[in-house]
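Close look at the chain arrangement
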Amino acid sequence: MDCEMWKYMDVLDLHPYTTDFVENSFLNRKQSKLGNKSAIRYYVDELKKANPDKTYELWYSEIGYTTAGDEGANVQDSYTQGAMNAASYLYYKSAGLGDKFCFYNLEQKGSLKTEVQDNYGQVSPGYSGGKEYGTYFVPRKSYMTHTVMNYYMAQTTPVSYKYSDDAGFSLYTYGDLSLGKYGNLAMHLYDSAKFNKQVLAVYSMTGARTVTLDLGTAKSVILADENGNETELRSDNGCYTFTANKAPVYILGDISDYSLLNSTDANAVNVPTALSVPKYSSGSIDITAPNGCIVEADFPEAVYDKTVTGITNGQGNVTFWHNANEGDVLNIVIRLKNGDNIISQNTVKVTAEAAEIEANAEMPSRKIGTSFTSAVSVKNNTASGIGGSAKIGLS
């Protein structure tokens, strides 16, 4: 800027890599040497000040989270890579800090999990010997997230954005968002020429959480989850509940206003986002919701003995039994309805733990020779037979 570069340029091109969501990274940190502005905002404002009659485009010819961290450190999994890619686009677009975005990179360089370079890429390798599932260029989770973002964000213009006011989460942002004041839930509103509606993109930077949004006069909306699966929600009071996670979800409708309801609000719905249940054991999902709501649930295979209890005195419950293997994740979809209208849809991730087994041995009063007999009882929460051996050590 001191050399008047603004006289000889049309585009400022940056490579803004970081290992965290933009809002909580050094890229957005206010710096005293830059007039208490973030680095990117500083460049945008300085160009405008130097030549107010010209609009300079801001390009990111390389941007992404696939390269997060040093060798082996902080390399994000494919889901988080895609989530941060999409969230960075949403933020930069809302804040007026980007015109063109080129995410790095498309194809994985290899398949060694221990090689940091091989962890990059939104699709599997295309070289000889790099096949997955019998073919090349298999999309990873980050590719799905990117594709969903492109579908819903095409032909949109930013309207506004807000953050939840959860304590303990600091954001380094510019303008009317001050340091440390706003929380982990991001909400970005856009006008969509493609859908002739508004699109509200929502993501949670600290992971899965149940949120209830007040969308004002919007009596009907389409909720598209992070994979693009759509569900129509209807609510007479304009309040809707769903699961927000690191990857954005998209709400389509006639949305003029939006706000996050406190979990204690009378219209709020609270559903856990995750729980762990041992194999062959029962699990329970407790639900808080307005009286009169009907509870529905979709269960995957390996789930049995399902019971669904409606809302009474603000409380409901879903119980089940499963025989999934340790480490498996079961997605149970919980819907709440007011009459025929779905007002809430949440996904509860149930992680299967190892079966609980109890073994008790009744030791004899004395041993006879070198051998003895002992009764061993085993309990493993299942009617199926088990086999094995019991080893009893003697001191």
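This text goes with the structure placed above it.
This section reports on the structure supplied with the text. (Residues numbered from 1 in each chain as written. Predicted model: local features only at pLDDT ≥ 70, side-chain atom pairs only at ≥ 80, totals over all residues. Heavy atoms only, no water.)

1. As for the side chain of Asn245
Threshold: Think of it this way: any DSSP run of H or I at least four residues long counts as a helix, any run of E at least two long counts as a strand, and we number them from the N terminus. For this analysis, a polar contact is any N or O atom pair within 3.5 Å, provided that within protein one partner can donate a hydrogen and the other can accept it, and provided that sequence-adjacent residues contribute only side-chain to side-chain pairs. In this description, contact between two residues means that some pair of their heavy atoms is separated by no more than 4.5 Å.
Within the element layout of this structure, Asn245 appears in the loop between β10 (239-244) and β11 (249-253). There is a polar contact of 3.1 Å between the side chain of Asn245 and the backbone nitrogen of Ala208. Excluding residues within four positions of it along the chain, Asn245 makes contact with Tyr79, Tyr203, Ser204, Gly207, Ala208 and Glu226.

2. Examining the pattern of salt bridges
Oppositely charged side chains can form a pair if their charged atoms are brought close together. Note the cut-off: The salt bridge criterion pairs a side-chain nitrogen of Lys or Arg with a carboxyl oxygen of Asp or Glu, the two atoms within 4 Å. In this scheme, a residue with accessible area under 20% of its type's maximum is buried, one over 50% is exposed, and one in between is partly exposed, where area comes from a 1.4 Å probe on protein chains only.
One pass over the full model with this rule turns up 11 salt bridges. Of the charged contacts in the structure, one is a salt bridge between Lys197 and Asp254, with a shortest N-O distance of 3.5 Å. Highlighted residues: Lys197 in strand β6 (residues 197-204) and Asp254 in the loop between β11 and β12 (259-260), separated in sequence by 57 residues. A relative accessible area of 48% means that Asp254 is categorised as partly exposed.

3. Regarding the pairing of strand β9 (residues 230-234)
To be explicit about the condition: Paired strands, as defined in this entry, are two strands with at least two bridges between them according to DSSP.
Residues Thr231 and Leu233 of β9 are buried on one face, while the alternating residues Glu230, Glu232 and Arg234, pointing to the opposite face, are not. Direction of pairing for strand β8 (residues 220-224) relative to β9: antiparallel, over a ladder of five bridges. Bridging across to β9, Ala224 finds its partner in Glu230. Connecting β8 to the next strand, β9, in antiparallel fashion are five residues, including Gly228 with a positive phi near 85°.

4. Concerning the sheet that holds β11
Quick note on the threshold: Between N-to-C directions, angles cover 0 to 180 degrees, with each direction set by a line fitted to C-alpha atoms, over the stretch in contact for helices.
Read from one edge to the other, the open sheet built from six strands follows the order β4-β5-β6-β11-β8-β9, with strand pairing classed as antiparallel. Each of the sheet's edge strands pairs with one partner strand only, and the pair in question is β4 (156-163) and β9. In this sheet, adjacent strand axes meet at a mean angle of 25° when their direction is disregarded. Pairing of β6 with β11 involves five bridges; the strand directions are antiparallel. Its bridge partner being in β11, Val202 is matched across the sheet by Val249. Where helix α3 (residues 141-153) meets the sheet, its contacts fall on β4, β5 (185-192), β6, β8, β9 and β11, and the angle it forms with β11 comes to roughly 20°.

5. What to know about the nonpolar core
Filter applied, for reference: Residue types Ala, Val, Leu, Ile, Met, Phe, Trp, Tyr and Cys, when buried and joined through side-chain atoms within 4.5 Å, form a set referred to as a nonpolar core.
If you look at the biggest cluster of nonpolar residues, it comprises 39 residues, and the most contacted ones within it are Tyr60, Tyr91, Tyr92, Tyr203 and Tyr250. Top element by residues in this core is helix α2 (residues 78-94). It accounts for seven residues. Formed by 24 residues, the second largest nonpolar core is a distinct cluster that contains Leu275, Ile285, Ile334 and Ile343.

6. A closer look at the packing of aromatic side chains
To keep things clear, this is the line we draw: Put simply, two rings from Phe, Tyr or Trp (the six-membered ring, in Trp's case) pair if the centres are within 6.5 Å, and we call them stacked under 30 degrees between planes, edge-to-face over 60, tilted for the rest. The criterion for a charge sitting over a ring is simple: Lys NZ or Arg CZ within 6 Å of the ring centre, and within 35 degrees of the ring normal.
What the rule picks out here adds up to 15 aromatic pairs. Relative to Phe195, the ring of Tyr152 lies with its centre 5.9 Å away and its plane at 25°, an arrangement referred to as stacked. Separated by 43 residues along the polypeptide, Tyr152 in helix α3 and Phe195 in the loop between β5 and β6 bring together distant segments of the chain. Overall, Phe195 belongs to the partly exposed group, its relative accessible area being 21%. Over the aromatic face of Tyr258 sits the side chain of Lys162, whose NZ or CZ is 4.3 Å from the ring centroid. Over the aromatic face of Tyr151 sits the side chain of Lys194, whose NZ or CZ is 3.7 Å from the ring centroid.

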